Amino acid sequence: MRKKAGLIFIIICMAVCLIPFAGMTFFRTDTTTENKTLASFPGLTNENGGPNMEFFDGLADYFEDHFAFREYLVNADALIQSRIFKVSNVDTVLVGRNGWLYYTATLDDYLGQNLMSDREIYNAAHNLTLMQEYAESRGAQFAVTIPPNKNTLYGENMPYYDSKVVSADRNAEKLAEAMQEQGVNYVNLFDAFESQDEVLYCMRDSHWNEKGAVLAYNTILDFMDIGHNDLEQAAVNRAKTYIGDLNSMVYPLTSVPEWNYTYSYDETWSYVTDTESVEDGRIQTENPDGEGSLLMFRDSFGNTLLPLMANTFADAFFTKGTPYNLGLYMDTYHPDTVIVEKVERNIADFAEGPPVMSGIDVLLEEQISTADTKTDFELGVSENDPSYLSMHGVLEGINEADLTDVYVRLSSGGTVKTVAAFLVSDGDTDFGYQLYLAKDEIINLFGDDCSGLQLEVITRTGDGLTAVYTGTEDFSGLVFE
């Protein structure tokens, strides 16, 4: 009898285990509320036509994403872990107290750990300075703004991490100071939100609520002295209908709506692009009642800003693409306003992925010496925009205390072009540099024969200007590629 009962138990267990696999024939999971792309079924051959040696790994990934009733099982697991064990079953989400959810990627900022170095901070501010100079040289005003992480403003419901705080230092504060020192137009949203008594972020979303978006919108345009409808007289409806992104990621089937706001005002803007939602990567709008033109580099915090900005400007272009192709978009859309918006947790990007644009011309009149410092670099056609050449390298023999600027000089037949390079921190070194040279500019300056251009890489430290490389380079093959 016991053997029979044991056999029945084993059969039941095997059947339960087989249901997710066998059920894929009729109930395969092909959509998800998680912030991920579902794995595709692996091929038997690789891209070179040979056997795919990773087929079974790919098959495992495919099954993990597509097994039957996946959403139901994931949701049940989430409820058990969050309500009983007070943890999240999703690596990207932290379960906080009182029903709050937080984005895991903000944890380093909250704890003050893995901070950007002083050099990385300097590099980021320097690169934004060059962006601002470029925009202003083409008649546009420029500003940078940083939406705070939710737990920076509202960390009182974070789970059990208070005792693990490493430092009170914050990347955003250090970058704000560096931008002020270097003259970058910075819109401080931290002060704007901290001055408010009410909570302006969603409990179960990583972003601000609609009222928070209006505060950010007003703060940015007030700083830039751009006339706009501040919506103070608009009718506001508060309703418990909003389901946040973190909510959907953790509880795909039992997400609980939370309070949010809806503003009633005349919307006169429309999409120019074939746009499905504000989540799209590239969006262009027009507004017959608006004034001026906007170019906005943004992330997901810009989703709620987009309709407000579109209702203000006659023409606007919004992009999530990186690296920022400032040169292309300035030439294409001729904006009179450029706004860069990037959330606190990602501001290291400013030091890691410089924008695509021509280098800013500089005039170096001081004596240039030589030193033991040297550099290796690569020169080629930019992968981001083939109308540019890309040059990137690493400085050797630089101390952390030397906040070095880098310049590149091209010369031939009495014609000289000297430009400031972007400063790059790429994880391996904080002493990288990069710049882009427009092919058309090189041809206009040096003619069709670019085979013998003298190239110098020059650094500025506390000791003055130093040439760390001088040589003759053949640009002709790259320029006319």
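Residues numbered from 1 in each chain as written. Predicted model: local features only at pLDDT ≥ 70, side-chain atom pairs only at ≥ 80, totals over all residues. Heavy atoms only, no water.

1. A look at the packing of helix α6 (residues 118-137) against helix α13 (residues 326-333)
Contact geometry of α6 with α13 gives a least axis separation of 11 Å together with a crossing angle of 20°. Regarding the angle of α6 to α13, the classification is roughly parallel. The way α6 lies across α13 gives a crossing that is right-handed. Side by side, α6 and α13 meet where Met131, Tyr134 and Ala135 of the first sit next to Leu326, Gly327 and Met330 of the second. (Axes fitted to C-alpha atoms, helices over the stretch in contact; angles between N-to-C directions. Helix = DSSP H or I, 4+ residues; strand = E, 2+ residues; numbered from the N terminus. Parallel < 35°, antiparallel > 145°, perpendicular 65-115°, else oblique. Left-handed = near helix turned anticlockwise from the far one by under 90°. Contact = heavy atoms within 4.5 Å.)

2. Some remarks on the packing of aromatic side chains
Per the counting criterion, the structure on display carries 16 aromatic pairs. Aromatic side chains Phe297 and Tyr329 sit 6.1 Å apart centroid to centroid with 45° between the ring planes, which places their arrangement in the tilted category. Separated by 32 residues along the polypeptide, Phe297 in strand β9 (residues 293-297) and Tyr329 in helix α13 bring together distant segments of the chain. Overall, Tyr329 belongs to the buried group, its relative accessible area being 11%. Between Tyr388 and Tyr436, the aromatic rings sit 6.2 Å apart at their centres with planes inclined by 80°, giving edge-to-face as the arrangement. Of this pair, Tyr388 sits in strand β15 (residues 388-396) while Tyr436 is found in strand β19 (residues 432-438), placing the two residues 48 residues apart along the sequence. For Tyr388, a relative accessible area of 6% corresponds to the buried category. For Tyr436, a relative accessible area of 2% corresponds to the buried category. Members of the aromatic cluster, joined through ring pairs, are Trp100, Tyr102, Tyr154, Phe193, Tyr201, Trp208 and Phe301. Here Arg238 stacks its cationic end above the ring of Trp259, 4.0 Å away from the centre of that ring. Geometry around Phe350 places Lys342 over its ring, the cationic atom sitting 5.7 Å from the centre. (Phe/Tyr/Trp six-rings, centres within 6.5 Å; stacked < 30°, edge-to-face > 60°. Buried < 20%, exposed > 50% of the residue type's maximum accessible area, 1.4 Å probe, protein only. Lys NZ or Arg CZ within 6 Å of the ring centre and 35° of its normal.)

3. Thoughts on helix α10 (residues 210-223)
Taking 1.5 Å as the rise per residue, α10 with 14 residues should run 20 Å; its terminal C-alpha atoms sit 20 Å apart, in good agreement. For α10, a buried count of 10 out of 14 residues is recorded, marking the element as mostly surrounded by other parts of the structure. Those residues of α10 that fall on the buried side of the exposure criterion are Gly212, Ala213, Val214, Leu215, Ala216, Tyr217, Asn218, Thr219, Ile220 and Leu221. Next to the buried residues of α10 lie β3 (141-145), β4 (186-187), α9 (189-194), β6 (258-264), α12 (302-310) and β11 (337-341). (Expected span 1.5 Å × (residues − 1).)

4. Regarding the sheet that holds β11
Pairing within the open sheet is mixed, and its seven strands lie in the order β4-β3-β11-β9-β10-β8-β7. Across the chains shown, the open sheet's two edge strands, defined by having one partner strand only, are β4 and β7 (270-271). Relative to β4, β3 is paired through two bridges, and the arrangement is parallel. Bridging from a neighbouring strand, Thr145 pairs with Val187 of β4. (Pairing = 2+ DSSP bridges.)

5. Notes on the side chain of Asn127
If you trace the backbone, Asn127 turns up in helix α6. Here Phe350 takes part through its backbone oxygen, which lies 2.9 Å from a polar atom of the side chain of Asn127. Ignoring any residue separated from it by four or fewer positions in sequence, one finds Asn127 in contact with Phe350, Ala351, Pro354, Phe422 and Leu423. (Polar contact = N/O pair within 3.5 Å; in protein donor to acceptor, adjacent residues only side chain to side chain.)

6. Observations regarding α6
A rise of 1.5 Å per residue sets the reference length of α6, with its 20 residues, at 28 Å; its end C-alpha atoms lie 29 Å apart and thus fit the reference within 8%. Most of α6 sits out of view: 16 of its 20 residues are buried. Of the residues trailing α6, Gly139 is marked for its positive phi of about 85°.

Nothing here speaks to function; it is all geometry.
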